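Okay, here's what each chain looks like letter by letter:
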Amino acid sequence: VIAIYVQGGGKAGFHASQNKVCLIGLVSYVVVQVYEHSFHRRFRAIHQDLASLCTYCFLLVSSDNVLLRLPAECTLSQDKLMLDAAGFDTFTQLSSLLTRVTKAVKPLTKARQK
């Protein structure tokens, strides 16, 4: 997670970056760097169309699509991410349930758009 944006109070409240948020429902958007699974507990940053610029892919994610914070110690070095055993177990379990999780999140996203 690079940044967390929360909307201020009132109808015309503005979005501001926050260091810490206690409830995910208060979050408007989260800026994250995207990694893909490469081997065992290792992940690598995604370049996609940005490879020629030597930069990585980032996403602006709504709070409906934030599933959880990994209860893990991560090692981050330049463009590589390594999870500990507990974090990788969580990743493996969620990967096996990906279609079910996606199905569950779709109604939340539709409800928020109304």
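Conventions we followed
Residues numbered from 1 in each chain as written. Predicted model: local features only at pLDDT ≥ 70, side-chain atom pairs only at ≥ 80, totals over all residues. Heavy atoms only, no water. Helix = DSSP H or I, 4+ residues; strand = E, 2+ residues; numbered from the N terminus. Buried < 20%, exposed > 50% of the residue type's maximum accessible area, 1.4 Å probe, protein only. Contact = heavy atoms within 4.5 Å. Areas by Shrake-Rupley, 256 points an atom, 1.4 Å probe, with all protein chains shown as cover. Expected span 1.5 Å × (residues − 1). Arc of directions from axis to C-beta. Salt bridge = Lys/Arg side-chain N within 4 Å of Asp/Glu carboxyl O. Pairing = 2+ DSSP bridges. Axes fitted to C-alpha atoms, helices over the stretch in contact; angles between N-to-C directions. Phe/Tyr/Trp six-rings, centres within 6.5 Å; stacked < 30°, edge-to-face > 60°.

Peer 1: Teacher, can you tell me more about the overall build of the chain here?
Peer 2: Scanning the chain from terminus to terminus reveals two helices and eight strands. Evaluated residue by residue, the chain yields a buried proportion of 23% over its 114 residues. In the chain, the proportion of contacts linking residues at least 24 apart, taken out of those at least 6 apart, comes to 50%. Carbon and sulfur atoms make up 58% of the accessible area of the chain, which amounts to about 8,800 Å² in all.

Peer 1: How do you make sense of helix α1 (residues 85–96) when you look at a structure like this?
Peer 2: An α-helix turns once every 3.6 residues. As a result, residues three or four positions apart point the same way. The end-to-end C-alpha distance of α1 is 17 Å, a good match for the 16 Å that twelve residues give at a rise of 1.5 Å each. Within α1, burial applies to G87, F88 and T90. The buried residues of α1 occupy an angular sector of 155 degrees when projected down its axis, which confines them to one face. Facing away from the buried surface of α1 by more than 90 degrees, the exposed residues are Q93 and S96. If you follow the buried residues of α1, they end up packed against β4 (35–39) and β8 (80–83).

Peer 1: Would you mind going over the environment of M82 with me for this structure?
Peer 2: As for its position among the elements, M82 is in strand β8. Assessed through its relative accessible area of 27%, M82 is described here as partly exposed. The contacts of M82, once residues within four sequence positions are left out, are R41, R42, E73, C74 and T75.

Peer 1: Explain the pattern of salt bridges to me, please; I cannot follow it from the model alone.
Peer 2: Opposite charge on two side chains permits pairing when their charged atoms draw close. Applying the stated criterion across every chain yields a total of two salt bridges. The shortest N-O distance in the salt bridge between E36 and R44 comes to 2.8 Å. Using a relative accessible area of 31% as the deciding quantity, one classes E36 as partly exposed.

Peer 1: Is there a simple way to explain the sheet that holds β4 in this structure?
Peer 2: With respect to topology, four strands assemble into an open sheet ordered β4-β5-β8-β7, the strand pairing being antiparallel. Both outer strands of the open sheet, β4 and β7 (74–77), are each paired with one neighbouring strand and no more. Pairs of neighbouring strands in the sheet enclose a mean axial angle of 25 degrees, with direction left out of account. One ladder, built from four bridges, connects β4 with strand β5 (residues 42–45); its direction is antiparallel. Residue pairing across strands places F39 opposite R42, the latter belonging to β5.

Peer 1: Is there a simple way to think about the packing of aromatic side chains in this case?
Peer 2: We describe a pair of aromatic rings using the distance from one ring centre to the other and the angle between the two ring planes. Inspection of every chain in the model, using the stated rule, returns two aromatic pairs. When the centroid spacing of 4.9 Å and the interplanar angle of 90 degrees are considered together, the rings of F43 and F91 count as edge-to-face. Of this pair, F43 sits in strand β5 while F91 is found in helix α1, placing the two residues 48 residues apart along the sequence. Owing to a relative accessible area of 5%, F43 belongs among the buried residues under this scheme. Residue classification places F91 among the partly exposed positions, given a relative accessible area of 27%. Counting every residue linked through ring pairs, the aromatic cluster contains F43, F88 and F91.

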